[in-house]
Amino acid sequence: MQIHQSTTVQMKEGALVVPNHITVPYIEGDGIGHEITEVALTVLDAAISFAYGKAKSIVWKEVLAGQKAFDRVGTYLPDETLENITASKIAIKGPLATAVGKGMRSLNVALRQQLDLYVCLRPVRYFTGVPSPVKNPQLVDMVVFRENTEDIYAGIEWKSGTEEVRKVITFLSQEMNVKNIRFPKTSAIGIKPVSEDGSKRLIKAAIDYALYHNRSSVTLVHKGNIMKFTEGGFRSWGYELARDDYGATQNVKGVWEISRGTNPPLIIKDCICDAFLQNILVKAADYDVIATLNLNGDYVSDALAAQVGGIGIAPGANINYSTGMAIFEATHGTAPDIAGKNMANPLSMILSGEMLLRYIRWNEAADLLISCIEKTIADGYVTADFYHLMQQDGHEATLLGTREFSQHLVRTMGKPL
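Presented here is a report on the structure given in the accompanying data block. (Residues numbered from 1 in each chain as written. Predicted model: local features only at pLDDT ≥ 70, side-chain atom pairs only at ≥ 80, totals over all residues. Heavy atoms only, no water.)

**Some thoughts on the overall build of the protein chain**
The line we're drawing: By the criteria applied, helices consist of DSSP H or I runs no shorter than four residues and strands consist of E runs no shorter than two, each listed in order from the N terminus. Every radius of gyration here is taken over C-alpha atoms, with the globule rule written as 2.2 Å times N^0.38, N being the number of residues. The classification of residues rests on relative accessible area computed with a 1.4 Å probe and restricted to protein chains. Under 20% of the type maximum is buried, over 50% is exposed, and intermediate values are partly exposed. Whether two residues are in contact is decided by their heavy atoms: any pair within 4.5 Å suffices.
Per the secondary structure count, the protein chain includes 13 helices and 18 strands. Against the globule reference of 22 Å for 417 residues, the protein chain gives a C-alpha radius of gyration of 22 Å, in line with a compact fold. With 417 residues in all, the protein chain has 51% of them scored as buried. In the protein chain, of all internal contacts separated by at least 6 residues, the share reaching a separation of at least 24 is 73%.

This is the structure we're talking about:
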């Protein structure tokens, strides 16, 4: 069944147009996907209902991907799923399994590339009461813009020992005079494409976000000291964009600034990736909006998530700001060891839903949801992952299952906060 256009988000003249009653596709996901997706949609429905009554609503339409899709229709990513997401503009998904070193490539990557979702958006913030391995997790308040379609994750690689890799190595050594493939007979080869166009559209999205939300800085995180033309190009193109498109200038201290009239200027700076991973531990307050390439962004976003409670509560979105297309997703894995046991923390999925609400400008429902999550965690009502850590730290907590935690959130919405 196709989604009717009158109930979908549309993009007109560069802006989203959102009807009051919309249909949104969802992918349940593998492993714990069934549990966390089911309760997340219930919590989102409750937030919308408490915020707007019957004036606004979402009808959730399941579309297939992953193991469930393979079992039912013989393919992991049916064409109908892509067609429904394209028609709807927005979707939400649970975690999808990916085998390591064999089998199909990542379905998550396939969705991003086929729909050209060039921004992986990962906000990282701390909720009071969440157990953390660092002394001052409250200093972490960053939004990561990870380039989603290029870099190593483009998937251009050849397996060691194959005829294809032999041809590539022969071309590199004989035609391009490459001498530093240390073990050519046993090497696998991967290609790292990084373009000016891809870099600039990602960095533009980060700068636009920082200006709209009045954030203090945008940091270009890269490894340009070693990979001078790819990662170094990313850095150079970022400064070029800030200068040419936003009028950025260097102040007397050499710092690049974008003027905001009477407000403090937006700072544009850069940091080598390995130094950045150290700095987020020792001076996290120095960073705000982050723009980085695909592989760096994978490491950086998970490292930041660990500082504020782990990827179990880390939300994410994959967005094309030009077309308006966006898929919101739980950022963790499928956790098959706890699947079906009512133990999983659904907050990554719920918070991704909060991002969806904010994306379509249903901010009252999103604000209500955040307030309820803050209160629930501060009061010590948590799932098993947080409960055991709180017990180790000597903090009182109440252990709730996946369903019970979501039910507590809904009950909290109906009370004065």
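**Details of the pattern of salt bridges**
Where we set the bar: Think of a salt bridge as a Lys or Arg side-chain nitrogen and an Asp or Glu carboxyl oxygen that are within 4 Å of each other.
By the definition in use, this model includes 22 salt bridges. The shortest N-O distance in the salt bridge between Asp 116 and Arg 201 comes to 2.8 Å. Placement of the pair is Asp 116 in the loop between helix H4 (107-114) and strand S6 (119-125) and Arg 201 in helix H6 (residues 196-212), with a sequence separation of 85 residues. A relative accessible area of 26% means that Arg 201 is categorised as partly exposed. A single salt-bridge network, built from bridges that share partners, covers Glu 28, Glu 62 and Lys 68.

**So, the packing of H6 against helix H7 (residues 231-246)**
Put simply, the test is: For helices, the axis comes from a line fit to the C-alpha atoms of the stretch in contact; other axes are also lines fit to C-alpha atoms, and the angle between any two N-to-C directions lies between 0 and 180 degrees. What sets the label is the angle itself: under 35 degrees gives roughly parallel, over 145 gives roughly antiparallel, 65 to 115 gives roughly perpendicular, and the rest give oblique. A crossing counts as left-handed when the near helix is turned anticlockwise from the far one by less than a right angle, and as right-handed when that turn is clockwise. Residues are grouped as follows: Ala, Val, Leu, Ile, Met, Phe, Trp, Tyr, Cys and Pro are nonpolar; Asp, Glu, Lys and Arg are charged; every other residue, Gly included, is polar.
The interhelical angle for the contact between H6 and H7, taken along N-to-C directions, is 55 degrees, at an axis separation of 9 Å. On the basis of their axis angle, the class for H6 and H7 is oblique. H6 and H7 meet at a crossing whose hand is right-handed. From H6, Glu 196, Ser 199, Lys 200, Leu 202, Ile 203, Lys 204, Ile 207, Asp 208 and Leu 211 reach across to H7, where they touch Phe 234, Trp 237, Gly 238, Glu 240, Leu 241, Ala 242 and Tyr 246. Looking at the contact of H6 with H7, its residues break down into nine nonpolar, two polar and five charged.

**Comments concerning the sheet that holds strand S11 (residues 249-250)**
Under the convention used in this document: Two strands pair under a simple rule: DSSP has to find at least two bridges between them.
The mixed open sheet is built from 12 strands, whose spatial order is S4-S3-S5-S16-S15-S6-S7-S14-S10-S13-S12-S11. What marks the edges here is a single partner per strand, and that holds for strand S4 (57-62) and S11. Pairing of S6 with strand S7 (residues 141-147) involves seven bridges; the strand directions are antiparallel. Following the sheet pairing, Arg 125 is matched in S7 by Asp 141. Of the strands in this sheet, strand S3 (21-27), S4, strand S5 (90-93) and strand S16 (326-330) touch helix H3 (residues 79-88), which is tilted by about 150 degrees from S3.

**A short note on H7**
What counts, and what does not: How far a helix is expected to stretch is found by multiplying one less than its residue total by 1.5 Å.
If you check H7, its first and last C-alpha atoms are 22 Å apart, about what 16 residues at 1.5 Å a residue would give, namely 22 Å. Along H7, the residues that are buried comprise Glu 231, Gly 232, Gly 233, Phe 234, Trp 237, Gly 238, Tyr 239, Leu 241, Ala 242 and Tyr 246. Tucked inside the fold, the buried residues of H7 contact H6, strand S10 (217-222), strand S12 (256-260), strand S13 (263-272), strand S14 (289-292) and helix H9 (294-307). Following H7 by one or two positions, Gly 247 adopts a phi angle in the positive range, close to 70 degrees.

**Points about the packing of aromatic side chains**
Applicable threshold: Classification of ring pairs rests on two measures: the distance between centres of Phe, Tyr or Trp rings, Trp counted by its six-membered ring, which must be within 6.5 Å, and the angle between planes, read as stacked under 30 degrees, edge-to-face over 60 and tilted in between.
For the coordinates displayed, the defined rule picks out six aromatic pairs. Judged by centre distance (5.4 Å) and plane angle (65 degrees), the rings of Phe 145 and Tyr 209 are edge-to-face. In this pair, Phe 145 sits in strand S7 while Tyr 209 sits in helix H6, placing the two residues 64 residues apart along the sequence. What makes Phe 145 buried here is its relative accessible area of 0%.

**A short note on the packing of helix H8 (residues 273-282) against H9**
Across the interface, H8 lies against H9 with an axial gap of 11 Å and an inter-helix angle of 10 degrees. The orientation of H8 with respect to H9, classified from their angle, is roughly parallel. Each of Cys 273, Phe 276, Leu 277, Ile 280 and Leu 281 in H8 lies in contact with H9, whose residues at this interface are Asn 296, Val 300, Ala 303, Leu 304 and Gln 307. Here the residues of the contact of H8 with H9 sort into eight nonpolar, two polar and no charged.

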